[in-house]
Amino acid sequence: QLPDWVEVTSAPRTSLAPALAPARVCVLPRPINRYWDLSVAVRLYDLVAFGKPIVATDTEATRDMMLGSGAGAVTRDTPESLAAGILPILEDEAVARRCAAAARAWACDPRNTWDARALTVLRTLRVLTDLEQ
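Residues numbered from 1 in each chain as written. Predicted model: local features only at pLDDT ≥ 70, side-chain atom pairs only at ≥ 80, totals over all residues. Heavy atoms only, no water.

(A) Quick look at the overall build of the protein chain. In terms of helices and strands, the protein chain carries eight helices and three strands. Seen along its three principal axes, the alpha-carbon backbone of the protein chain occupies a region of about 60 × 30 × 30 Å. Burial analysis of the protein chain (133 residues in total) assigns 33% to the buried set. Sequence separation of 24 or more characterises 58% of the internal contacts of the protein chain that already satisfy a separation of 6 or more. Total accessible area computed for the protein chain in this model is approximately 8,800 Å², and 56% of it derives from carbon and sulfur atoms. Measuring between centres, the 15 positive side-chain charges of the protein chain sit 3 Å from its 16 negative side-chain charges. (Helix = DSSP H or I, 4+ residues; strand = E, 2+ residues; numbered from the N terminus. Buried < 20%, exposed > 50% of the residue type's maximum accessible area, 1.4 Å probe, protein only. Contact = heavy atoms within 4.5 Å. Areas by Shrake-Rupley, 256 points an atom, 1.4 Å probe, with all protein chains shown as cover. Lys, Arg positive; Asp, Glu negative; His and termini not counted. Charge placed at Lys NZ, Arg CZ, Asp CG, Glu CD.)

Structure below.
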């Protein structure tokens, strides 16, 4: 049973911005395992673009992004740890504003666009080396 102040809402990607507008913090509670250590939830990119403070479980790829962005906190994948990450953002409006601004700034940085990520993949695969020269 959830508290009265918790609202569970389902929304397709196209409706995320209005659905998340009133949210003070967004949570990505992924299990910490080998799969999630190698991948980043695409939803994380949506949340930083919307300028939302984020609490995410401490997987390697997510940790790099979260620490680089200052958008929120990374935690263990336990309810207690997630709560410890969520509460400071819920209880302190200044913390929430700071994380939200950092998230949006990170998302707007040209080094963090989908095009920049695609170029990194292509360079890693050495597809662009001949084209760039």
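Once the structure has been displayed, the description carries forward.
(B) How the structure looks around the nonpolar core. One finds Leu44, Leu47, Val48, Ile54, Met65 and Ala71 to be the most contacted residues of the largest nonpolar core, which totals 15 residues. Listing elements by their share of this core, those giving two or more residues are α1 (16–20), β1 (26–28), α3 (42–49), β2 (54–57), α4 (60–69) and α6 (93–108). Considering each element in turn, this core owes the most residues, four residues, to α3. Each residue touching Val48, except ones within four places of it in the same chain, is listed here: Ile54, Met65, Ala71, Ala103, Arg104, Trp106 and Ala107. Among the nonpolar cores identified, the runner-up in size contains eight residues, and Val55, Ile89, Val95 and Cys99 belong to it. (Core = buried A, V, L, I, M, F, W, Y, C linked by side-chain atoms within 4.5 Å.)

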